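Commentary on secondary and tertiary structure
The residues making up each chain are set out below.
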Amino acid sequence: MHKFILILLFVLTLFSCGTDTDTGEFTVGSDYLALSNKVILIDTVTVNMSTINFDSLATSSRGRILIGNYDDPIFGKVKSDSYFQLSTDTYTLNSIGSDTESTNYVFDSISMILKYDRYFYGDTTKVQTFNIHRLTQKVKPNIEDNNFYNNSTLAYSPESLGTISYKPRPKEKDSINIQMSKEFGEALFQKIKKREVTDFDSFTEYLKGFVLVPENSNSSNVIGFSVSESKVRLYYSKYQTDNETPYIIDFSILDTSKQFNSISLDKTGTILQNLPLSNGTLSSALVNNQGFIQSGTGVACRVDFPNIKQFKNISANGAIVDAELILKPVNNTYSEKYPLADSLTVYVGDNLNRISGTLVNAAGSSVYGKLSKSSDEFNENVGYSISIGNFLQKEMLKQSDSRSSLILTLPGIAQSVNRIVLGDQKHVNNKIQLKIYYISY
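Position numbers for residues count from 1 along each chain, tracking the sequence in the order it is written. Confidence filtering applies because this is a predicted model: local features only for residues at pLDDT of at least 70, side-chain atom pairs given and counted only at 80 or more, and all residues used for totals across whole chains, interfaces and linings. The side-chain quantities take in all heavy atoms of the structure and omit both hydrogens and water.

Moving on, we get to the nonpolar core. Here, nonpolar core refers to any group of buried Ala, Val, Leu, Ile, Met, Phe, Trp, Tyr and Cys residues whose side-chain atoms link them within 4.5 Å. Buried, partly exposed and exposed residues are distinguished by accessible area as a fraction of the type maximum, computed with a 1.4 Å probe on protein chains only: under 20%, between the cut-offs, and over 50%, respectively. Core analysis: the largest hydrophobic core is formed by 40 residues, its most contacted members being F305 and I388. By definition, any uninterrupted DSSP run of H or I lasting at least four residues is a helix, any uninterrupted run of E lasting at least two residues is a strand, and each is numbered from the N terminus. In terms of residue count, strand 18 (residues 318–327) provides more of this core than any other element does, 4 residues in total. Residues are treated as being in contact if the distance between any of their heavy atoms lies within 4.5 Å. Discounting chain neighbours no more than four positions away, the residues touching I388 are F305, A323, L325, L359, L406 and L434. Counting 39 residues, the second-largest nonpolar core is a separate cluster that includes L114, Y116, I223 and F251.

With that settled, consider the layout of surface pockets. For each structure, a 1 Å grid was placed over the protein atoms alone; sets of points admitting a 1.4 Å probe that cannot get out are labelled cavities, open sets with protein on both sides within 12 Å along at least five of seven lines are labelled pockets, and lining residues have an atom within 4 Å of a point. Grid points are joined across faces, edges and corners, and a volume is the space filled by probe spheres set on the points. By volume, the largest pocket is sized at about 360 Å³. The greatest single-element share of the lining of the largest pocket, amounting to 5 residues, is contributed by strand 6 (residues 105–122). Ten residues, namely Ala, Val, Leu, Ile, Met, Phe, Trp, Tyr, Cys and Pro, are considered nonpolar, four, namely Asp, Glu, Lys and Arg, are considered charged, and the remaining ones, Gly among them, are considered polar. Its residues placed into classes, the lining of the largest pocket shows 8 nonpolar, 6 polar and 5 charged.

For a regular strand, side chains alternate in direction, first toward one face of the sheet and then toward the other. In strand 9 (residues 175–179), alternate side chains face the same way, and those of I176 and I178 are buried while those of S175, N177 and Q179 on the opposite face are not. Of the pairings in the sheet, the one linking strand 6 to strand 9 comprises 5 bridges and is antiparallel in character. Across the sheet, the residue bridging to M112 is I178, located in strand 9. For two strands to be treated as a pair, DSSP must find no fewer than two bridges joining them.

Once that is clear, we can look at the pairing of strand 24 (residues 419–423). Within strand 24, 5 of the 5 residues are buried, which leaves the element mostly enclosed by the surrounding structure. Residues R419, V421 and G423 point to one face of strand 24 and I420 and L422 to the other, with burial holding for every one of them. Relative to strand 24, strand 16 (residues 290–294) runs antiparallel, the two being bridged by 5 bridges. From the neighbouring strand, G291 faces strand 24, where its bridge partner is L422.

We now examine the side chain of N150. Mapped onto the secondary structure, N150 falls in the loop between strand 7 (128–135) and strand 8 (156–166). From its side chain, N150 meets the backbone oxygen of G296 in a polar contact 3.1 Å long. Residue contacts for N150: discarding those within four places in its chain leaves S56, L57, T59, N261, S262, I263, G296 and T297. Under this definition, polar contacts are N or O atom pairs within 3.5 Å; protein pairs additionally need one hydrogen-donor-capable and one acceptor-capable atom, and for neighbouring residues in sequence, both atoms have to be side-chain atoms.

Scanning all chains against the criterion turns up 1 cavity of 30 Å³ or more. In this structure, the largest cavity occupies an estimated 40 Å³ of space. Lining the largest cavity, in full, are I65, F84, L86, M112, L114, S230, K231, V232 and I253. Tallied by class, the residues present in the lining of the largest cavity amount to 7 nonpolar, 1 polar and 1 charged.

Below, the discussion takes up the packing of aromatic side chains. Stacked, tilted and edge-to-face are the three classes assigned to paired rings of Phe, Tyr and Trp, where Trp is represented by its six-membered ring and a pair needs centres within 6.5 Å; plane angles under 30 degrees give stacked, over 60 edge-to-face, the rest tilted. All told, the structure shown has 19 aromatic pairs when counted by the stated rule. Seen in terms of ring centroids, F107 and F189 are 6.3 Å apart; in terms of plane orientation they differ by 45 degrees. Their pairing is tilted. Residue F107 is located in strand 6, and its partner F189 is located in helix 3 (residues 182–193); the two are separated by 82 residues in the primary sequence. F189 matches F107 in its accessibility class, with the two residues each being buried. In this structure an aromatic cluster arises from ring pairing among Y105, F107, F189, Y236 and Y247. Note on geometry: a ring has a charge over it if NZ (lysine) or CZ (arginine) is within 6 Å of the ring centre and within 35 degrees of the ring normal. Over the ring of Y206 we find R134, and its NZ or CZ is 4.7 Å from the ring centre. A cation over a ring is seen here: R419 above Y338, with NZ or CZ 4.4 Å from the ring centre.

None of the figures reported here should be taken as evidence of function without further support.
Set out below in structure tokens:
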């Protein structure tokens, strides 16, 4: 007992002059000792928070067409254009038995059909407008990894081939239909009818692809559409016949690696306008004691534990048997329009913000931040809990001087634009908390 009291006094001196340290019964997990023993609960350890910005995110092959823009009151102007290449299973008109029969077919119309995939962000009660443009550059991904990124772009014609202004209904099993230029549709029809387009190569040489671009005048929401269920549909029929049922050719995104979303964030005039790129950090102390996360644009929150190696000085034989990190969303930064995600994705990174892998527990399973929405008057119980005992134990025992950090993102980082604001250790109302259970044996 005398030894235990000395250890407790040492911990209090090392980390804080506060009174938040306590002792209690704790059942040690199988990763350490299978017995019950006295442990020290330490919740005064320094935790540093900062915001980082990834250089790029791979947004191709994600299965979602993400289109729209909105003015975020905290992060700035968010915009997503969507690029894609089309193809079809057949490049012939229906049941052509002869050239004579082919001449009887006439073009009717062409439209783009986009199927909601139920994702949305922002204010869906307002009208959103976007245009369809024809690409003038082939859809060729990065040769090193076959990806397109959130900062990738392709050249396109300024002429709009179709436009739509609509109020999104993303929760419904529905589609939107955009009528496209008759001149464009007629020209494509004639290419197929005259056998000038006969296969994928000749088709993509003629029509390289499309990009959907939201208008800046309507800035309210970003909507997701299904890649697999969206298409361009060409209607045609036989001239002067009693058959009123049109024939169709569907052009779909058959190669998902040739579809990507270009997602940008204009931070001018915002609290994040000085956020450095790539390997830099923006300390929470410089931005009202807050850390920031936004999917799609690469904004992430970094958490560091600068004093964790000093735990080795507590006892010759000791271990961190458990630890819980609790992160609190800042009051009034989330709402029905900007909802909280149900979880946080947690990575392990180095001092240059390079990710080495996901956070795992002692069994090797991935660890996530789990949201608690327990209701209370001041939202004090709303927060994300992350089990980081295994991570801190490894950090404590490292022989080198290097330290790893935790990098927090939101699920669907490359196919959404959700965001969150978190309080650091000095935030007035929404402080980050760290509880460490340490045992000496």
